[in-house]
Structure formats: structure tokens, C-alpha cells
Amino acid sequence: MVTPRRDRKWQFVVDMDRCSGCQACVVACQAENNIPINSEAQFNQHRAVEWIRIERYWEGEFPNVKARFLPVLCQQCGNAPCEPVCPVYATYHNNEGLNVQVYNRCVGTRYCQNNCPYHIRFFNFWEPVWPESLRNQLNPDVTVRSRGIMEKCTFCVQRIRRAELDAARTGKPVGERGSEQEVGLQPACVQACPTGTLVFGDLNDPEHFPTLAKLVKHERRFRLLESLGTEPNVVYLKKVDLEAKEEVHGA
Amino acid sequence: MRTTRRQFLKWSGMAAVGTVAFIGCDIRGEELLVESPSTMPEDLVSGLEAWYATLCAQCGAGEGVIVRVIGGRAIKIEGNPYHPVSGGKSFARCQAGLQALYNPDRLRGPLRRVGDRRSELTGISWEEALADLTKRLADASPGSVVLVTGPQRGTLGKVVQGFGSTYGAQHLVHEPMEQTVLRAAIKQVFGLDQLPVFDLARADYVLNFGADFLSTWLSPVFYNRAYGEFRQGDRPRGTLVQVEPRFSLTAANADRWLYIDPGKEGVLALSLAYVLLADHQGQINRRAAEDMTGGQGASYLEAFAPEKVAQELGVGWDAGKVRALAEEFAGHRRSLAIGGGPAGSHTNGLFNLKAIYSLNYLVGNVGREGGILFNPAPPLKDVPASAPGATLADWQRLVDRMRAGQVRLLLVHGSNPAYGLPAQLGFAAALEQVPQVVSCSSFMDETAALADLVLPDHVYLEAWGDDIPEPGPGYQTVTLQQPVVHPFKPGRDDPGTRAFGDVLLDVAKRLGGKAAEALPWKDMREAVRDTARQLHALGRGSVSAGDFEVFWNTLLQWGGWWDEKAVGPSVPGVPPRFDRDAVRPEFEGRPEEFPFYLVPFASHSLADGSGANLPWLQATPDPLTTAVWHTWAEVHPEDARRLGLKEGDELVVETPAGSVRRVLARPHPAAAPGVIAIPTGQGHTVYGDFPVGLGLKRYFSVVGRDRGANVFSILAPKRERETGALAWGATRVRIAKTGEWIRLSKFEGVVTPMFPKEVIPLARLSGEKRGS
């Protein structure tokens, strides 16, 4: 069955002024997307997999020290540097603004990882294994990637598809919260995020994703490494600092 | 006939055996070129899912969660969107509940030791185990039996208390980072025996003395939600100022963090009160000021004038800074003072917290929105809504009784006192003097390893129960707990686990007499239904139905019951007078021998250590150091340089009460000079014992056991002066290198940061968003 598709443009907003750095999104993502457990060696070898991560920055010195938190996930670039370098079309752009990784095409050249300025692509250097009983928890909607495969954040495409199927089945539209009138859609990190830092939605459907539509044009808006021309689909809102001397603009 | 390609396509189209490409006429051409003929991952959608609402028992805040179940397996935990505490949101620890459920180390059935404590625990059937426990209880004299449980509320709390009181056993509640001092302070300042709600979301200015509410304090999901609104809700952006000896996660998110010497929080609070009374009379609540000073005004607190006390507060303080802080606090319309964590962890903890909470009266925000709101009395009289922890004094008495051979049977559930009590108390050693120790833990932990009989409990996702969240959200709330999956059995012939409540009910029945009369229910489900019947009889709240079965099913569907109209009292009465006699903190260990203050703190992911057997939580980076899988000591960079410490140097951390190794040095830009902060959670000797990892065996990490150090074990058993609670911040330490270097695993460095020069874009506050 193929359902008629709306003309979608999936977008993320990250409000850094709300983020408390609590790591709920990180664990929620690992639970949803069957990400292998990161052992000490993986951190030590710089191979730990976190599709969404919290970067922590220090500013100043004791006693006037500040910490800043920056959640980083795949920016689903409109002009993605990872796409043209894939020799086998494993990474391609769909017409909903998503930068999609086809696992069964991937041959593991890692060119895409090399070309991604955001460092959000992760390579499976080993076959992922879980202790037998922990395999019960694996999400059947998400492929377990095998050795030699590149993986990254998908904006929880399995949830998008499920919501759209539910929408087609029930005749309700897809919306940000889910209610009697709409089918709810939130990626795992957004659903967990207790401070409301992460907001997700369809830019083309402000009626059902009003929070996104409002925030995406916010005056604190910036995008990561915007100067590279990658056209990211993740919009960040700057953290407010009472003592900020002047506005520092993105690199 | 030779088939051409063109003909083949035509036939397959007609016979509708084509792939997606042929049916999906509305897919655009350009996409077709790339997508066909393989099925894209985005097109894969599988089986049917079911969602069940239940309780999250990971952090004790009593949040409602919903669990996604596919094919009888619990797949994902989310916050219950209707629940007043979680509001659809969750925390790392909530998520990791699945790894407790499917943990490889779950006990597979009851165990019994045949001989003495050195002999092996061997598997027995449930019938044997229950008969054995019944016999032991029947033979013992009730006065020599002690029940030790976690902070158990709701129906299970009722069952445990009912069992304890009718059988005649003593019942102690073990809360590792106990809230005893906080409860006492709230009671003395506001006259109410409860934990209140701090209305962060609607406050303009929050002065927070050490309460790490964004990480582990009280109800972190609830307060993280409120924090988001506090920052960027509909109201002007709030200002958060944190006063704390350690740079906690809440301090990291504050607009300003002000270091203070440990234990001096109360002196600062009274100094602020003095300035408010002396210089800001127009902005404070005059009546409260009169009540609190006996009509004497500022002169009542003369001894706390900033000029007299500022120099004792620690580096960076002077009278001007205290005055400026008081001016800010008085100058906002809705100012709120919160205290907790390290502020209450000293010998003068109660003095500190009372002084802090009293400030709220002065700015008139008690019982007002944006201030401190009070929770109502619990909805049901005989279902406990609070389970205050035993104090250090209680534990000392218990250990003395154990040593004297007066305790013949100790039953432990939901707590791990052999790990969580200061080692110098000698609890683990005193267990040797208790002839019978029974543990009802789901996992082999330090206490269960010393038990003679182990009756493994279900994990919370498999059991019936309920909870009354404490602190509540400001109105009456009951969270319902239902099994979302069948109890997990790794092997088909395993006897499996049994809910602790069911074990108690069964044993009570076998014992007969008063215990059986007091606990008449067949099992926990019946007991919970009985509680639900009482809720039904109230005839109000979020669930209403004439028929009880309909009520019950709706209750299960929504994950609980709440009544937004049943709010707490607004006017708590006359404020008490300020304590004008300053109480200074006392520390164990002389500064010459032990030059550093020790600030233990609850690990963000492992909490009190109960999360240490869950791989996701071990691998969750600490928000500030990004360290994983280890115990580290946060050391001021200058102290580290002086001692020649670099990151990863193994330390011996020594206090007057003992020493631990396997603590890795972590020079930390926000650590204060003279302060060593160490997280709790690691240093287990038996909790968790399975490898996880990828590739070669040497790349694997063992989850749980033998990693890092247990900071509880080196705490001196100092008591808070008035409450007798453990003063867990009252120990001094010295550190030395062992000469070993171990790489401190951390997320930092795994990827190149987005802003390598550490310049992150910031915004100034534009005029209209600024608060008053």
C-alpha cells in the first residue's frame, strides 16, 4: 500500500536557552534506535555512537565559570556534503527534506563521515552485540546495523512513517502533540526532552505544528556552520546570557 | 516466444506483480529514479504496538510513564502525557528501566544458603522459599525481627507497614541521600509535614542554595519541565542564581553561580535577611518581618550584618556582594529561595535550610504562585503518602542491636544498606551477628550477597502497585502501576521472580493471626483494587464512573487518578522567628591532616548506585565532565597543578573514616579550590556482572561490579545536630596519587566540537522579555 504523501519538510528547532544538558534525549535515542551499548573502549577509541549528543563548553575560569550545552544531531542538510560522495547512493535526499541512509546499500567507504562537518555519522567497526536477554528490548521498527555500515540520526523516520500510516488509516492529520483530532508525531529525543528544548515538525504544515512554525523564525535563530552553505534543517535558538557583552554570531 | 524488456514490463504491470514503483503512481518521477526497486528503510513499518500506562520506579518521584509493548516485549518507555508529574516527559533513568527488566543478571528464582555465610546460595522452589520464610518468622520472636525497605509509599507501603505492625517487627526506611533534614526544615518553617512544590515555572527570580533539581533532587523531570517554562515560557525570562560549593548541573544552568564554603549557606541566608530588613523595608512583607524578628526588625539579626559575616563565606565574598544579592532578591516581584542538597548535608543542615526557607516569608511568596505552594493532604487516609527515611541515629541503634545479638532476622527490600551506609557504621560486619538475613532484591547486590535466603522481587514493570508522588504536583495525585509484560524468565524452567507485596501477603496468610487479618488480600492486584475502590468512593477527580469495573479500567488506561481541584492550603500560618544563634558546621578531620572539603554528590545517571547495573546509565556521560563508566574526583586546576595531578591519575581518597582507591583525578575548571567533589554510584562489589561491548573481548566492559569507588563508604558517621540525620557533607579528605594512570573514559574528544574555540553564540536579553 502506498499512501498519498503530503509535501513535507521536516525541521527541528533546538532552543539552547531551555536545554539543561540532562542527557534524557541521548538515552531515549539509544533506546529507540537500537544503538549498540557504548563500552569504555568505544569512548577511548573515539568510536562511541550517540546519534544525538550534548556538547559541553566551558567559558571563563573559577569563580566566574560558565558551562554551555549544545545538543547536536544530524542536521539533515538541504545541501548535504555527505550525499554526493557516496559511490553507491546509500545516502540520498528524499523529498521531505530528510537525508536518508540506506543501510543495505552501504559498503562502508566512510566518505560520507569524512565529509560531514557536523560529525554526526557513525561507523560500525564491529558487529553489534547485546547480551542475549537485552535483545528483548530492541525496537522491531528499526534495523540493527551490521558491521561495516554507516549510521546516523534519521529524525526517527520509523515514527514518521508509522504516524503517516496511522493518519491514513484514521483519516486524522499528523500533528505535534497528538490528541483526539490528530495523530501525534515526535522523534524519541523530542518526546523525552523534559525542558522542551527540542521541537520537531513539518515546516509546510504550521496548522498542526504551530510551535515549530513559531520558533523557526525566532530572533535568536542561527544554524550550525551556516557559512559552509549546507542549509541545515535544524535551527538553533541562542542561549540568553545576562552578561553577554555583545551578540556573538555563529562560526 | 522471445520476451522483450518492454513486453515484460507491460505484463507485470497488468498482473499487478510489480513493486511499489508501479503501484505508487503518485510518487514523483525524480524520486522513482533513485528509490526503486528496493524498499527504502523509511517504508518499513512492522507489527502492532500496545501502550500501557504504569509507574516509573527508577528515581522514587512517582512519575507516570507509558510503555510501548510489541509482541509481549517492552520496547520503549515514555512519560505519560496526562500525568501531572511527568507531563509526557522522561529522564535518562526512566528510559533505562527496560535494561532492569531484561537485565542478564536478574535472579532466576529463590536462593537459600545451606550452611553458614561462606557456603553457596543454591536454588529452591517458591513453595520451599515461602514455607521457609514463614517458618523463620513463626519461630522468631517478633521483637527481634527488623524490616528494612526503600521509601515505599502507596498500597505496597500500606502492606509493608501493616505487616510490620501486626507481626511486631521494627520497620526502617533506607534513603541513601536522605531528605530528613529537608522535611524537618519545611515542618519547622511552614508548619506542614510534607514536601512542598516550588513553583519555578512562574517565578521571576530563584535563589537556589544547592538543590540540584535539574539532576537528582526530589523530582527532576517535574523540575526540568518547570525550568523550560521558567526560561522561555509565556512569562518574562526568569533569573536563576545558584549558591553552592560545587558546580552542579543546576549551577551550570544558572545565570550566576556563587561559590560558598560548605555549610555556610545559613549564615548567608540570614545575612540576606538582615539586609532585606534593614534596607529594603518597602519591598518586603512587613507583617512577616515583625513576626520573624519579634518586632525588633533588622537589629534582631545584627550579628549577621554583611560586614560581620561576609569574610567567612569563602572566596569571592564581601559585604557588597551580599548586599547586591539581597537587592536583587528583593527587587523581583516573584522571588523564590530554595535549599537542599549540600546545604542540608552538614552538622548544621537544619539551621541552613530553615534560614533559607524563611527568606520566602520576607518576600511574601509563601502559598502564592511563583513561590512555594503546598501539597494537600493525601487523598486516602490509610494509604501512606510519605515514607521518611531512618536517621543515622536510628541506624546506629540498629547496628548496636545487631552487634548485641538482639536482631535474629533482618528482611531487606528495595534498599542496599550494606552499600549505602557509611562503612564505619559497621552495618555489613554487624550482619554477621544476625543469624538470618532475608533479601527480596531483584538482583544480587551487596546486601543480598550476605543473605541466607533470597526471594527475588519482580522488576516494577511486571508488578501491580501504586504510588502517591512525593513531592506531589500541588494537587492530589495517585499513580497506578500495572504489569506491562509477563514476568521475564530467562530460562523456561526457572522458578522466576515474585512481587514483594505478594510474598508478604502470602506469608501473612501462612502465619495466620493478626497479620492475616490485617492483610486480607489474595495478592497485590486485589490490594491495589481495594485502594482504587476507595478512590472510586471519593467520587471526584480525573476518573469518574458509576461502575467500579469501568472506573478501574479507566484508571489503568490513564495511569492514575488526580484531582486538580484538591489543592493544598495556601496560608500556612505564622512564620517562626529567625534562629539568631548562628550554628557553624563541624567537620570530621582536622584541616592540617585533611586539607580538602569532601562534597559527595548523587551521580546524574547512577543516582545512589541503584543504576550501576544498567549499561545505558553507565554509558551516559556526566553532563559536566562527560565522564562515563568511572568514579572521578573533581579537583580545582590549581590544586591539581600543586599536587602534580593530571586527568586519569588514580587517587587514594582518605578520610578519617577510611579510604578508597580507583578514583580518577579530573582537574575541573569549575571545581573550587580546597574542595574535592566525588560522585556516588560506583564501587559495587557484587552488583552487576555481565560484559557489554563490541569486537575483541578486551574491548568489553563489565557492567556494575568492581569499577570505581563507593564514596558512601568513606563518609564519617557525623550527625546533623538536631535531626540526627547523616551529615553526608561533613567529612574532610586528603588525596594522594597511587602512581597508576587509568584513562578516564569520557565523551569529550569523541567528536570534534562544533565550536572548537569554545565561543558559543549567545543572545542578550531584549527589553520586552526581561523580568521586572
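Structure: above.
Rules of the game
- Residues numbered from 1 in each chain as written.
- Chains lettered and ligands numbered in written order.
- Predicted model: local features only at pLDDT ≥ 70, side-chain atom pairs only at ≥ 80, totals over all residues.
- Heavy atoms only, no water.
- Helix = DSSP H or I, 4+ residues; strand = E, 2+ residues; numbered from the N terminus.
- Expected span 1.5 Å × (residues − 1).
- Buried < 20%, exposed > 50% of the residue type's maximum accessible area, 1.4 Å probe, protein only.
- Contact = heavy atoms within 4.5 Å.
- Core = buried A, V, L, I, M, F, W, Y, C linked by side-chain atoms within 4.5 Å.
- Buried area = accessible area lost by both parts, 1.4 Å probe.
- Salt bridge = Lys/Arg side-chain N within 4 Å of Asp/Glu carboxyl O.
- Polar contact = N/O pair within 3.5 Å; in protein donor to acceptor, adjacent residues only side chain to side chain.
- Nonpolar A, V, L, I, M, F, W, Y, C, P; charged D, E, K, R; others polar.
- Pairing = 2+ DSSP bridges.
- Axes fitted to C-alpha atoms, helices over the stretch in contact; angles between N-to-C directions.
- Phe/Tyr/Trp six-rings, centres within 6.5 Å; stacked < 30°, edge-to-face > 60°.
- Lys NZ or Arg CZ within 6 Å of the ring centre and 35° of its normal.
- Parallel < 35°, antiparallel > 145°, perpendicular 65-115°, else oblique.
- Left-handed = near helix turned anticlockwise from the far one by under 90°.

With respect to helix H16 (residues 392-403) of chain B
Residues and elements named next belong to chain B. Compared with the 16 Å implied by 1.5 Å per residue over 12 residues, the 16 Å span of H16 between its first and last C-alpha is a close match. When H16 is considered as a whole, its buried residues turn out to be Leu-392, Ala-393, Trp-395, Leu-398, Val-399 and Met-402. Where H16 is buried, its residues contact strand S6 (145-149), strand S7 (170-173) and helix H18 (427-430). A positive backbone phi angle near 75° is found at Gly-405, which sits one or two residues after H16.

A word on the nonpolar core
Buried together is how nonpolar side chains tend to be arranged in soluble globular proteins. Ranked by size, the top nonpolar core spans 175 residues in total, and within it Phe12(A), Leu70(A), Tyr236(A), Phe209(B), Phe247(B), Leu268(B) and Tyr357(B) carry the most contacts. Ranked by residue count, the leading element in this core is helix H11 (residues 265-279) of chain B, at 10 residues.

Some remarks on the interface of chain B and chain A
With 109 residues of chain B at the interface, the matching set in chain A holds 104 residues. A combined buried area of about 9600 Å² lies between chain B and chain A, and 59% of that area is made up of carbon and sulfur atoms. Our enumeration of links across chain B and chain A arrives at eight salt bridges. Arg18(A) is paired through a salt bridge with Glu229(B); the nearest N and O atoms lie 3.3 Å apart. Put simply, chain B and chain A have 34 residue pairs in polar contact (both at pLDDT 80 or more) between them. Of the residues contributing to the side of chain B that touches chain A, the split by class is 55 nonpolar, 29 polar and 25 charged. Direction of pairing for strand S13 (residues 239-240) of chain A relative to strand S28 (residues 762-763) of chain B: parallel, over a ladder of two bridges. The partner of Val240(A) across the bridge, within S28(B), is Ala763(B).

Some points on the environment of Arg577(B)
Residue and element names in this part refer to chain B. Here Arg-577 shows up in the loop between strand S19 (560-567) and strand S20 (596-601). Note on Arg-577: relative accessible area 48%, which makes it partly exposed. The spacing of Arg-577 and Met-444 is 133 residues in sequence and 49 Å in space, taken between C-alpha atoms. Once residues within four sequence positions are removed from consideration, Arg-577 is found in contact with Asp-291, Met-292, Gly-294 and Tyr-300.

A closer look at the sheet that holds strand S1 (residues 10-15) of chain A
Residues and elements named next belong to chain A. With respect to topology, four strands assemble into an open sheet ordered S10-S1-S12-S11, the strand pairing being mixed. Since the sheet does not close on itself, it has two edges, and those belong to strand S10 (198-202) and strand S11 (221-222), each with one partner. Of the pairings in the sheet, the one linking S11 to strand S12 (residues 234-237) comprises two bridges and is antiparallel in character. Considered in S12, the bridge of Arg-221 is made with Leu-237.

Description of the sheet that holds S19(B)
Residues and elements named next belong to chain B. Across the sheet, three strands lie side by side as S17-S18-S19; this open sheet has antiparallel pairing. In the strand order of this sheet, the two ends are held by strand S17 (465-467) and S19, each with one partner. Ignoring strand direction, the axes of neighbouring strands in this sheet form an average angle of 15°. Examined bridge by bridge, S17 and strand S18 (residues 475-481) share three bridges and lie antiparallel to one another. When the bridges of S18 are listed, Asp-466 appears paired with Leu-480. Running at roughly 50° to S17, helix H21 (residues 524-538) makes contact with S17, S18 and S19 of the sheet.

Quick look at the side chain of Asn80(B)
All names here are of chain B. In this structure, Asn-80 sits in the loop between strand S3 (73-79) and helix H4 (92-95). Only 3.0 Å separates the side chain of Asn-80 from the backbone nitrogen of Tyr-82, close enough to count as a polar contact. Not counting the four nearest positions on each side in its chain, Asn-80 is found in contact with Ala-53, Gly-64, Val-65, Ile-66, Ser-86, Gly-87, Gly-88, Trp-558 and Gly-559.

Overview of the pattern of salt bridges
Side-chain pairing between opposite charges can occur once the charged atoms of the two side chains come close. Applying the stated rule across the entire model yields 76 salt bridges over all chains. A salt bridge links Arg159(A) to Glu32(A); the shortest N-O distance between them is 2.9 Å. Here Arg159(A) is found in helix H4 (residues 157-170), whereas its partner Glu32(A) is found in helix H1 (residues 24-32), with 127 residues between them in sequence. No difference in accessibility class separates Arg159(A) from Glu32(A), as the two residues are buried. Its salt-bridge partner being Asp199(B), residue Arg202(B) comes within 2.8 Å of it at the nearest N-O pair. Taking the relative accessible area as the measure of exposure, Arg202(B) reaches 31% and is therefore partly exposed. In the salt-bridge network here, residues are joined through shared partners; they are Glu59(A), Lys66(A), Arg68(A), Asp241(A), Glu243(A), Arg256(B) and Glu328(B).

Overview of the pairing of strand S3 (residues 66-72) of chain A
Within a regular strand, the side chains alternate between the two sheet faces. Most of S3(A) sits out of view: seven of its seven residues are buried. From the end of strand S2 (residues 53-59) of chain A to the start of S3(A), which pair antiparallel, there are six residues, and Gly60(A) there has a positive phi angle of about 80°.

Brief notes about the packing of aromatic side chains
Counted under the stated rule, the structure contains 33 aromatic pairs over all chains. Ring centres 5.8 Å apart and planes at 40° place the aromatic pair Phe222(A) and Tyr236(A) in the tilted group. Linking Phe222(A) in strand S11 with Tyr236(A) in strand S12, this pair joins segments that are 14 residues apart in sequence. When the ring of Tyr82(B) is compared with that of Trp558(B), the centres are 4.6 Å apart and the planes differ by 50°; the resulting orientation is tilted. Of this pair, Tyr82(B) sits in the loop between S3 and H4 while Trp558(B) sits in helix H22 (residues 548-558), placing them 476 residues apart in sequence. Here the aromatic cluster, defined as three or more aromatic residues joined through ring pairs, consists of Phe190(B), Phe198(B), Phe213(B), Trp217(B), Phe222(B), Tyr223(B), Tyr357(B), Tyr361(B) and Phe374(B). Between Arg47(A) and the ring centre of Phe125(A), over which it is positioned, the NZ or CZ distance is 3.7 Å. Lys321(B) extends its terminal NZ or CZ atom over the ring of Trp317(B), reaching a point 4.6 Å from the ring centre.

Observations regarding the packing of helix H8 (residues 180-190) of chain B against helix H15 (residues 349-362) of chain B
Think of two packed helices as two axes; the pair is described by the angle between the axes and how far apart they sit. Residues and elements named next belong to chain B. Where H8 contacts H15, the two axes come as close as 9 Å, and the packing angle between them is 45°. As judged from the angle between their axes, H8 and H15 are oblique. Two packed elements cross with a definite hand, and for H8 against H15 that hand is right-handed. Listed contacts from H15 to Val-181, Leu-182, Ala-184, Ala-185, Ile-186, Gln-188, Val-189 and Phe-190 of H8 are Gly-349, Leu-350, Leu-353, Lys-354, Tyr-357, Ser-358 and Tyr-361.

By themselves, these observations are geometric and do not establish any function.
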